[in-house]
Amino acid sequence: MADVQPQTIFLSDYQVPDFLIEKTDLIFSLQETETTVTSTLLVKKNSASEKTNAPLILHGENLTLRSIAIDGRELAEDEYQVDAETLALTVSDQCIVTCVTVIKPQENTALEGLYKSSGMYCTQCEAEGFRKITYYLDRPDVMSVFSTKIIADKTLYPLLLSNGNLVNQGELDNNRHWAQWYDPFKKPAYLFALVAGDLALVEDGFTTQSGREITLRIYVEEKDIDKCDHAMQSLKRAMRWDEEVYGREYDLDLFMIVAVDDFNMGAMENKGLNIFNTSCVLAKPETTTDAGFQRVEGVVAHEYFHNWSGNRVTCRDWFQLSLKEGFTVFRDEEFSSDMGSRAVKRIEDVAFLRTTQFAEDAGPMAHPVQPPSFIEISNFYTLTIYEKGAEVVRMIHTLLGEYLFREGSDLYFQRHDGQAVTINDFIDAMETVSKRDFTQFKHWYTQAGTPVVTVTDSYNAKAQEYTLTIKQSCPSTPEATEEQKHAFHFPLCMGLVAEGKNIPLVLAGEDAESFSSVTNRLLEITESEQTFVFTHVPSKPVPSLFRQFSAPVRLSIQRTREDYLQLLAYDEDSFCRWDAGQQLAVSIIDELVVAYQQKKMIEIDPVLLEGLRVVLADNTLDKAMVSLLLSLPSEAYLSEIATVVDVDAIHFARQQLAEFLALGLHEELLAGYEALNVEETYQASADAIAKRSLKNAALSYLLLAETAKNASKHISSTDSPIAKQCYQQFATANNMTDSFSALKSLVHSVPEGKVIEEYQEKALAEFYAKWQHENLVVNQWLSVQATIPHASTLEKIKTLMAHESFSMTNPNKVRALIGAFTQNLVAFHQPSGEGYRFLAEQVIALNKTNPQIAARIIAPLTRWKKYDSHRQELMKTYLLQIKESPNLSKDVYEVVSKSL
Ligand code: TRP
Ligand code: ZN
């Protein structure tokens, strides 16, 4: 990249391709030092292009060109032009272009294109990785039928895979063999895949709705063969679900998943040959936590669902990325809801969106769900494209209802099967079936930022009328100022809670009788200010707003703690109930933050404690719900909603409230823990997960209570029964969830004396000794240490980077240690700036080996505006240091230049 400023690509510059590629024939000859790729392309002039005499300009990066021929005639050097990113040549309206290039997969640490991971060859082509394999029209609106021949050493690479069906194979001299694959479905190059290696396989079958037999295969390293069952069961459930809920059947006869250790993201939906990060496919109770099991189920389903939402109907250009990602995330979220607990899944998804995506939307990289421009597309695989994109699809679902939404999705797939289309085409199908106008709704795709919805209300006791006034605005973001933005169209699902009841909702002018059992309503908001008057309201109600989080907005409303308690106790909506608890905790923590800043000691309001006491006593409540209600808002969420993040105050205040609850609920928690701490065979069912979750939440509070008690008595205890219990559970549990939860509670507790310290060291050492050969478990071990809430953690991390288990070329390890560290509020943001300096050093190192990962881990530094002026200066200094380092990749350049 050096000194030339990277170019910005604009959606408004989109032009249809001048040429199409009807057929793509590839031959890969894999050799130990290099790979030769021979591509034969049937190229045709695109009739939709108006240009005459346009040259054929193929994409290509880091390729050594051996030869290029048109219709069998090899071109002389002056018959084509090559630069760092393209190959240009003059061709007729129809011709065959044959091209031989050489690449070096074994030197590819960026994990884009063809590379090696643990001895096997594999590919990652989305978004623009195919151009690192051969010269091509590497854009999603060029769809081609691929046929792939792979030639390799038979001993080292007995398994040779590509997309579609295996049509032929054979042996060659020198211990080499070959396999020929053919994929009958037209696809863009980003869905191409190749795997060559020595892998074991688990096979199963699936009979489709229409009676076709599909072979299902999961390929992993031999040692992981006992960790495939959950992924296989998840896959079959996903296949059935897509038939039942969307009417979508699988189309090839074979569906393969391959697990690789080194992978930039979670997984990739290559046609017929999904490639997965091992972290998203391997699972067994002894090594994998419940969260891990759920992630596997969700990602397996996500990639499978892409076969329709992404592959059969794909994106016209990368500005349409959320067309496939937002829709597919919505689909996998709904799938997981149907497989487990819908209420819990929704709360978890919203908690994640509100902490991470809201932060992105408020930062310098904020962009609309359909971005207007980018420098490096890899930087746009974001929380906004995925998670907010899914929320936008969810709003369409809410506005249209289940039935019409399905009709719209049917029409979309029917109209566009085999095409590369736009977000607008998706909306258009929804408009057609519903006969509604989504013009205003589309602002969700073109305006960035999280809207703020301000609600005020008034009650007229005499008229028994209740008035809600809804105002909306959206803060300025890089693409538009607050004043320039248009009002959004969104569903506001709501209810009213009065005297412990969810009362009937009758709007002025409506007949009360017909609404006597309606306690949940969908209001459509389209204006910057709107008023709703409810009649027959017997007493002043507490409004329950954005039920199930019906729109991705920030709610601003004045509420008393009494109001929150009402909702926490009586709201019929599980999400609002949980959120009432969270906001109540936020208001108490806010008070403690102010007290900390003013160096005052205050009494903690016991309302939350009393509310939770009721929750713990209620045996009818779902245990997962109780566990969620017990967990305080995370430091990340508290930081996100703060105007200025006071790192120490937030950490201290949250900890103070946690201790207060731990001490106050001690009896209930102990009883709860003991009742749930019974040995059972592991199950990944929602119910079993809920029990473990509550049990471990209780254990963590119990340990906190114990250390808090000792601290207040200023005793360095020689006996610590709960720490001992934690250690016991850690050492004897029959599953990773219980073992790791206990380890985490132990290791994250502030040692009040030798006893706990000894348990901490012993447990960490034993954990590593036991699991050192299980990569994914070792990553958990790295993370649990990287997140110890103490400034000294930075030194620990530096030591761990030199540990045998760490590797800078494995993205999972980088995320586990460095990524986790940046989430550690007190250690990362220590006032000396050492945390920032450390991150900058790692970014500069990764920029050379893996630009995608380098660009991703900078994110916490880009949020500098949220911190005090001292930290702001430090964060900017290190961002600048990165920006000025030599040979900056496009990826890192875009992030740092946009955030300074
Ligand atoms: N399409 C993939 C998914 O969401 C995303 C993905 C996998 C990806 N690997 C990548 C994107 C590498 C960019 C780079 O399922
Ligand atoms: Zn996806």
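Here the structure is a predicted model, which is why all the values come from computation and not from measurement.

1. Remarks on the overall build of the protein
Turning to step 1, where the next piece is worked out: For the protein, the count of helices and strands is 27 helices and 33 strands.
Turning to step 2, where the next piece is worked out: Its C-alpha radius of gyration of 28 Å places the protein within 12% of the 29 Å reference for a compact globule of 900 residues.
Turning to step 3, where the next piece is worked out: The buried share of the protein, reckoned over its 900 residues, is 59%.
Turning to step 4, where the next piece is worked out: Considering only residue pairs separated by 6 or more positions, the protein has 71% of its internal contacts joining residues 24 or more positions apart.
Turning to step 5, where the next piece is worked out: Element-wise, carbon and sulfur atoms account for 50% of the exposed surface of the protein, whose accessible area totals about 35600 Å².
Turning to step 6, where the next piece is worked out: Averaging the positions of the 83 positive and the 124 negative side-chain charges in the protein gives two centres separated by 1 Å.

2. Observations concerning unusual backbone geometry
It is generally the case that most residues other than glycine have a negative phi and that most peptide bonds are trans.
Turning to step 1, where the next piece is worked out: The omega angle of the peptide bond from Glu 126 to Ala 127 is -5 degrees, so this bond is cis rather than trans.
Turning to step 2, where the next piece is worked out: Secondary-structure assignment places Ala 127 in the loop between β11 (120-124) and β12 (144-153).
Turning to step 3, where the next piece is worked out: The phi torsion at Asn 53 lies on the positive side, around 60 degrees, for a residue other than glycine.
Turning to step 4, where the next piece is worked out: Position of Asn 53 relative to the elements: it lies in the loop between β3 (35-45) and β4 (56-59).

3. A closer look at the sheet that holds β4
Turning to step 1, where the next piece is worked out: Ordered in space as β4-β8-β7, the three strands form an open sheet in which the pairing is antiparallel. At either margin of the open sheet sits one strand with a lone partner, and together these are β4 and β7 (80-82). Adjacent strand axes in the sheet meet at a mean angle of 15 degrees when their direction is disregarded.
Turning to step 2, where the next piece is worked out: Where β4 and strand β8 (residues 86-89) come together, four bridges link them in antiparallel fashion. What sits directly across from Leu 58, in β8, is Leu 87.

4. Some points on the nonpolar core
Turning to step 1, where the next piece is worked out: Grouped together as the largest cluster of nonpolar side chains are 160 residues, with contacts concentrated most on Ile 396, Phe 490 and Phe 534.
Turning to step 2, where the next piece is worked out: Sorting elements by how many residues they give to this core places helix α5 (residues 383-416) first, with 13 residues.
Turning to step 3, where the next piece is worked out: In this structure Phe 490 touches Met 395, Trp 444, Val 453, Gln 472, Leu 523, Glu 524, Ile 525, Phe 546 and Ala 551, once residues within four positions along its chain are discounted.
Turning to step 4, where the next piece is worked out: Residues Tyr 564, Leu 704, Leu 743 and Ile 797 belong to the second largest nonpolar core, which totals 128 residues.

5. Remarks on the coordination of the zinc ion (ligand 2)
Turning to step 1, where the next piece is worked out: Looking at the metal site, the zinc ion (ligand 2) is ligated by His 302 (NE2), His 306 (NE2), Glu 325 (OE) and Glu 325 (OE), spaced 1.9 to 2.8 Å from it.
Turning to step 2, where the next piece is worked out: Classification of the site at the zinc ion (ligand 2) rests on its six donor atoms, whose angles at the metal span 47 to 159 degrees, yielding the label irregular.
Turning to step 3, where the next piece is worked out: Of note, the donors binding the zinc ion (ligand 2) are all from one chain and are spaced H-x3-H-x18-E.
Turning to step 4, where the next piece is worked out: When its relative accessible area of 0% is taken as the criterion, His 306 is described as buried.

6. What to know about the packing of helix α19 (residues 775-786) against helix α20 (residues 793-801)
Turning to step 1, where the next piece is worked out: Orientation of α19 relative to α20, taken along the N-to-C sense of each, is 155 degrees, at an axis distance of 9 Å. Classified by the angle their axes make, α19 and α20 are roughly antiparallel. For the pair α19 and α20, the contacting residues are Trp 781, Leu 782, Gln 785 and Ala 786 in the first and Thr 793, Lys 796, Ile 797 and Leu 800 in the second.
Turning to step 2, where the next piece is worked out: Grouping the constituent residues of the contact of α19 with α20 by class yields five nonpolar, two polar and one charged.

7. Focus: the packing of helix α13 (residues 647-664) against helix α14 (residues 666-676)
Turning to step 1, where the next piece is worked out: The contact between α13 and α14 brings their axes to 5 Å, and the two run at 75 degrees. In terms of axis orientation, α13 runs roughly perpendicular to α14. The residues of α14 that touch α13, namely those facing Ala 662, Leu 663 and Gly 664, are His 666, Glu 668 and Leu 669.
Turning to step 2, where the next piece is worked out: The residue inventory of the contact of α13 with α14, partitioned by class, reads three nonpolar, two polar and one charged.

8. As for the pattern of salt bridges
Turning to step 1, where the next piece is worked out: The tally for this structure, following the rule as stated, stands at 62 salt bridges.
Turning to step 2, where the next piece is worked out: Here Asp 349 and Lys 345 are joined by a salt bridge, their closest N and O atoms 3.1 Å apart. In this pair, Asp 349 and Lys 345 both sit in helix α4 (residues 342-361), four residues apart, roughly one turn of the helix.
Turning to step 3, where the next piece is worked out: Given the relative accessible area of 14%, Asp 349 is considered buried.

9. Remarks on helix α16 (residues 721-732)
Turning to step 1, where the next piece is worked out: For α16, which comprises 12 residues, the first-to-last C-alpha distance of 16 Å matches the rise-based estimate of 16 Å (1.5 Å per residue) to within 8%.
Turning to step 2, where the next piece is worked out: Turning to α16, its buried residues are Ile 722, Ala 723, Cys 726, Tyr 727, Gln 729 and Phe 730. Taken around the axis of α16, the buried residues stretch over an arc of 160 degrees, which confines them to a single face.
Turning to step 3, where the next piece is worked out: Tucked inside the fold, the buried residues of α16 contact α14, α15 (686-712), α17 (736-748) and α18 (754-771).

Rules of the game
Residues numbered from 1 in each chain as written. Chains lettered and ligands numbered in written order. Predicted model: local features only at pLDDT ≥ 70, side-chain atom pairs only at ≥ 80, totals over all residues. Heavy atoms only, no water. Helix = DSSP H or I, 4+ residues; strand = E, 2+ residues; numbered from the N terminus. Rg over C-alpha atoms; globule rule 2.2 N^0.38 Å. Buried < 20%, exposed > 50% of the residue type's maximum accessible area, 1.4 Å probe, protein only. Contact = heavy atoms within 4.5 Å. Areas by Shrake-Rupley, 256 points an atom, 1.4 Å probe, with all protein chains shown as cover. Lys, Arg positive; Asp, Glu negative; His and termini not counted. Charge placed at Lys NZ, Arg CZ, Asp CG, Glu CD. Pairing = 2+ DSSP bridges. Axes fitted to C-alpha atoms, helices over the stretch in contact; angles between N-to-C directions. Core = buried A, V, L, I, M, F, W, Y, C linked by side-chain atoms within 4.5 Å. Donors = N, O, S within 2.8 Å, 3.2 Å for Na, K, Ca; no water. Tetrahedral: all angles 85-135°; square planar, octahedral: opposite > 155°, others 65-115°. Parallel < 35°, antiparallel > 145°, perpendicular 65-115°, else oblique. Nonpolar A, V, L, I, M, F, W, Y, C, P; charged D, E, K, R; others polar. Salt bridge = Lys/Arg side-chain N within 4 Å of Asp/Glu carboxyl O. Expected span 1.5 Å × (residues − 1). Arc of directions from axis to C-beta.

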